[in-house]
Amino acid sequence: MFTVAMAVDHRAVLAWATSHGIELRNAEIARLPGRGYGMVATGFIEEGDVILRVPHAMLLTPSDADVDEVGQTNALALALLDERSKSQSFWLPYIRMLPNASSFRTPLHLNSSEQRALRGTDLAHWTHTREANLARTHQYLRSSNQHRFGALSRATVEATTGDIADVAPASLEAFTWALSIAWSRAHTVNMRAVRGIGAARRPGLVPLGDLFNHAAAGLTNVVTTSDPSRDVFEFIATRRVAPGEEALLSYSLHGEPSNSKLFLDYGFCVPYSLHDEVAVPLLSDDDERADAGSAVAGLLRSLQLDKYASAARLTIDGIDAASPPHELIAAGRVLALSPSQLATATPESVLGPQEPQFERAVLQLLAERLRARLMRFDQPQQGGETDAMASHEDDEHHLASGEWRRTDGAGCSFHVRAGERRILLHWWRRLTKLAADIQPRGDETHARWSGGSRQPSPNAPDTLALHAFRADAVGWDVQADAPLSSVTASASLEVHSLQRGGDVAGLAERRLRGVVVSRGSQLRL
């Protein structure tokens, strides 16, 4: 990430931190060209070495009462506002270091023109939802917590930073600032349980710890650990770090974040990210009728595809970019069923071999949903703005001409928008091509029902074989429907199984009896 500028000299914060038990070893706070501040090694740091150790007593964390009432992130924002309102706050040196409101470049802090550049993206929806939730929560706090939060609106504020000093401490602007700090800088901490049961997980602000910048998982050299038995939060090297090298950690606990998530919470993005994703609504207005919608949702649920009832989240990260995800095809098959077919459908009949005409109809339906999602980039926003959105080709040209170097603030709008369009166009083109490649045989009719047998149909298409899978306690189990002898040499057999044994992961391509076996984790014949 690039850390926004500090409000005060970092040496004063470092002196305060080290005088109260925070230990910084073989590293220093450094100004990095184009990246703000970061942690840089001053000597060799070996794997397993502690770079930064912060006693739990030095963490700014929310109270249990606030967590129970308003949730963890809101509670942390309240704790920060409480401390900021005190002229003698223990955390005053740290609070003065925090970026002021005008330093943030997340979507919440963009002007209306800059926000319009996100039109049609998932991030635009997330931003509007966050704005609405923030205002609703602020109003609730002002009206229901007069003894504490409400009292802040009348407090004399001395311990403030930058332009936030001129904002009433319980105003919406101040609450937005505090939440922005919490979203962008908080760590998850295991504290000693105040109720005597286990360890309480809390978000906390970690002085100096929020100066470590982000990198993708394969490029990091630092991890964090919170030890409630010793009451310390530590930053530990995962490999040798050379003098002058930046110490980096991942901001995500679960997988690599998309540019939309990085931009929303932290205000930066990654050029040409491989981890972008986009939501594609699959249900049409007709599908959402009570009876049909209920039947579709029930069948998707039996296939463990509940999330597809609202939208499919598509990406081109870590999968075969030539083959649509099996879950997407299965969901498309459900959506393509007529009401009468839905009434008798079973998971086995959905997952079994299909007639060519039906499979082509499925692909065309999914391609149409993608086309409709692409059109959202050209629709006016709420409020009636009708300014034309740049085309995908314009965005790509803009990025290629040098705009890709802008990885903060409004520059991220290009990356987010282009990334989502890139995914949608890729899968729209691929689904359209696959549909065109399926040729009906003779005068075959749409006779797809055969008792839901998992045995291969003699007329099963070779051009697109969605191998049957089922959802069980082990996870997705994808098996070949047809024996190898019935699959043409040009067909691709994809194996995506989570079961153990016969590991063929990492084999990009292997030919078995004329069949190409591409990416997967297990082959069962």
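These figures come from a predicted structure and were not determined experimentally. (Residues numbered from 1 in each chain as written. Predicted model: local features only at pLDDT ≥ 70, side-chain atom pairs only at ≥ 80, totals over all residues. Heavy atoms only, no water.)

## Looking at the overall build of the protein chain
- Across its full length, the protein chain carries 16 helices and 17 strands.
- Looking at the protein chain residue by residue over its 525 residues, the buried ones come to 49%.
- Pairs at least 24 residues apart make up 72% of the contacts formed inside the protein chain by residues separated by at least 6 positions. (Helix = DSSP H or I, 4+ residues; strand = E, 2+ residues; numbered from the N terminus. Buried < 20%, exposed > 50% of the residue type's maximum accessible area, 1.4 Å probe, protein only. Contact = heavy atoms within 4.5 Å.)

## Quick notes on the sheet that holds strand β1 (residues 23-24)
- The strand order β1-β4-β9-β8 describes an open sheet built from four strands, whose pairing is antiparallel. At either end of the open sheet lies a strand with only one pairing partner, and these are β1 and β8 (222-227). (Pairing = 2+ DSSP bridges.)

## A look at the environment of Leu-282
- Tracing the sequence through the fold places Leu-282 in the loop between β11 (278-280) and α10 (290-302).
- Residues Leu-282 and Gly-332, 50 residues apart in the sequence, show an inter-C-alpha distance of 8.0 Å.

## Here's the deal with the pattern of salt bridges
- Tallying each qualifying case throughout the model produces 21 salt bridges.
- In this structure, the salt-bridge partner of Asp-210 is Arg-185, at a minimum N-O distance of 3.1 Å. In this pair, Asp-210 sits in the loop between β6 (199-205) and β7 (213-214) while Arg-185 sits in helix α8 (residues 172-185), placing the two residues 25 residues apart along the sequence.
- Judged by relative accessible area, which is 4%, Asp-210 ranks as buried.
- Where salt bridges share partners, they join Glu-23, Arg-25, Arg-53, Asp-227, Arg-230 and Glu-234 into one cluster. (Salt bridge = Lys/Arg side-chain N within 4 Å of Asp/Glu carboxyl O.)

## Observations concerning the packing of helix α3 (residues 72-84) against α8
- At a minimum axis distance of 8 Å, the contact between α3 and α8 shows a crossing angle of 115 degrees. As α3 packs across α8, the resulting crossing turns out to be right-handed. Here Thr-73, Asn-74, Leu-76, Ala-77, Leu-80, Leu-81 and Arg-84 of α3 lie close against α8, whose contacting residues are Ala-174, Phe-175, Trp-177, Ala-178, Leu-179, Ile-181, Ala-182 and Trp-183.
- Tallied by class, the residues present in the contact of α3 with α8 amount to 12 nonpolar, two polar and one charged. (Axes fitted to C-alpha atoms, helices over the stretch in contact; angles between N-to-C directions. Left-handed = near helix turned anticlockwise from the far one by under 90°. Nonpolar A, V, L, I, M, F, W, Y, C, P; charged D, E, K, R; others polar.)

## Looking at the state of the cysteines
- Overall, the coordinates contain one disulfide when judged by the stated rule.
- Paired by a disulfide, Cys-269 and Cys-412 hold their sulfur atoms 2.4 Å apart. Where Cys-269 bonds to Cys-412 through sulfur, the torsion about that S-S bond is close to -95 degrees, and the disulfide is left-handed. Of this pair, Cys-269 sits in the loop between α9 (259-266) and β11 while Cys-412 sits in helix α16 (residues 411-437), and the two are 143 residues apart along the sequence. For the pair Cys-269 and Cys-412, a shared accessibility class is recorded, and that class is buried. (Disulfide = S-S within 2.5 Å.)

## Details of the packing of aromatic side chains
- Summed over all chains, the structure comprises seven aromatic pairs.
- Ring geometry for Phe-212 and Phe-235: centres 4.6 Å apart, planes at 5 degrees, overall stacked. You can see Phe-212 sitting in the loop between β6 and β7 and its partner Phe-235 sitting in strand β9 (residues 232-237), a full 23 residues away along the chain. We note that Phe-212, like Phe-235, is buried.
- Seen from their ring centres, Tyr-251 and Tyr-266 are 4.7 Å apart, and the 45 degrees between their planes marks the pair as tilted. (Phe/Tyr/Trp six-rings, centres within 6.5 Å; stacked < 30°, edge-to-face > 60°.)

## A few points about unusual backbone geometry
- A positive phi angle is found at Leu-208, which is not glycine, with a value near 75 degrees.
- Its place among the elements puts Leu-208 in the loop between β6 and β7.

## Quick look at the packing of helix α6 (residues 122-144) against α8
- Two elements in contact, α6 and α8, have axes separated by 10 Å at closest approach and are oriented at 120 degrees. On the basis of their axis angle, the class for α6 and α8 is oblique. Our pair here, α6 against α8, has a crossing hand that is right-handed. Of α8, the residues touching α6 (which contributes Arg-130, Leu-134, Ala-135, Thr-137, His-138 and Leu-141) are Leu-172, Phe-175, Thr-176, Leu-179 and Trp-183. (Parallel < 35°, antiparallel > 145°, perpendicular 65-115°, else oblique.)

## Observations concerning the confidence of the model for the protein chain
- Overall, the prediction assigns the protein chain a mean pLDDT of 76, with 71% of residues at 70 or greater.
- Overall, residues 1-5 carries pLDDT values under 50, and its contacts beyond four positions in sequence, including any with other chains, amount to 23 contacts.
- In this model, residues 443-525 is a region of pLDDT below 50 whose contacts with residues beyond four sequence positions or in other chains number 185 contacts. (pLDDT = per-residue confidence, 0-100.)

## So, the nonpolar core
- The biggest cluster of nonpolar side chains holds 60 residues, and the ones touching the most others in it are Ile-51, Leu-80, Trp-177, Leu-208, Phe-212 and Phe-235.
- Of the residues forming this core, the biggest block, eight residues, is contributed by α8.
- Excluding residues within four positions of it along the chain, Phe-235 makes contact with Asp-49, Val-50, Ile-51, Leu-52, His-187, Val-206, Gly-209, Phe-212, Val-222, Val-223, Thr-224 and Leu-249.
- Listed in part, the 40 residues of the second largest apolar core include Leu-282, Ala-312, Leu-342 and Leu-366. (Core = buried A, V, L, I, M, F, W, Y, C linked by side-chain atoms within 4.5 Å.)

## Things to note about the environment of Ala-372
- With respect to the helices and strands, the residue Ala-372 is situated in helix α14 (residues 356-375).
- Given a relative accessible area of 36%, Ala-372 falls into the partly exposed group.
- Here the alpha-carbon distance between Ala-372 and Val-280, two residues 92 residues apart in the chain, equals 8.8 Å.

## Re the side chain of Ser-260
- Along the chain, Ser-260 turns up in helix α9.
- Taking relative accessible area as the criterion, Ser-260 reaches 4% and is therefore assigned buried.

## Quick notes on the pairing of strand β4 (residues 50-55)
- Among the six residues in β4, six count as buried, and that is most of the element.
- Both β1 and β4 contribute to a ladder of two bridges, which runs antiparallel. By the bridge assignment, Leu-24 is partnered in β4 with Leu-52.
- As defined by bridge partners, β4 adjoins β9 across five bridges and the pair is classed as antiparallel. Its bridge partner being in β9, Pro-55 is matched across the sheet by Val-232.

## Here we look at helix α1 (residues 10-19)
- Turning to α1, its buried residues are His-10, Val-13, Trp-16 and Ala-17. Burial along α1 is one-sided: seen end-on, the buried residues are contained in an arc of 125 degrees. Within α1, the exposed residues directed more than 90 degrees away from the buried face are Arg-11 and Ser-19.
- As for α1, its buried residues are in contact with β2 (27-32), β3 (36-41) and α4 (92-97).
- Two residues or fewer past α1, Gly-21 is found with a positive phi of approximately 95 degrees. (Arc of directions from axis to C-beta.)

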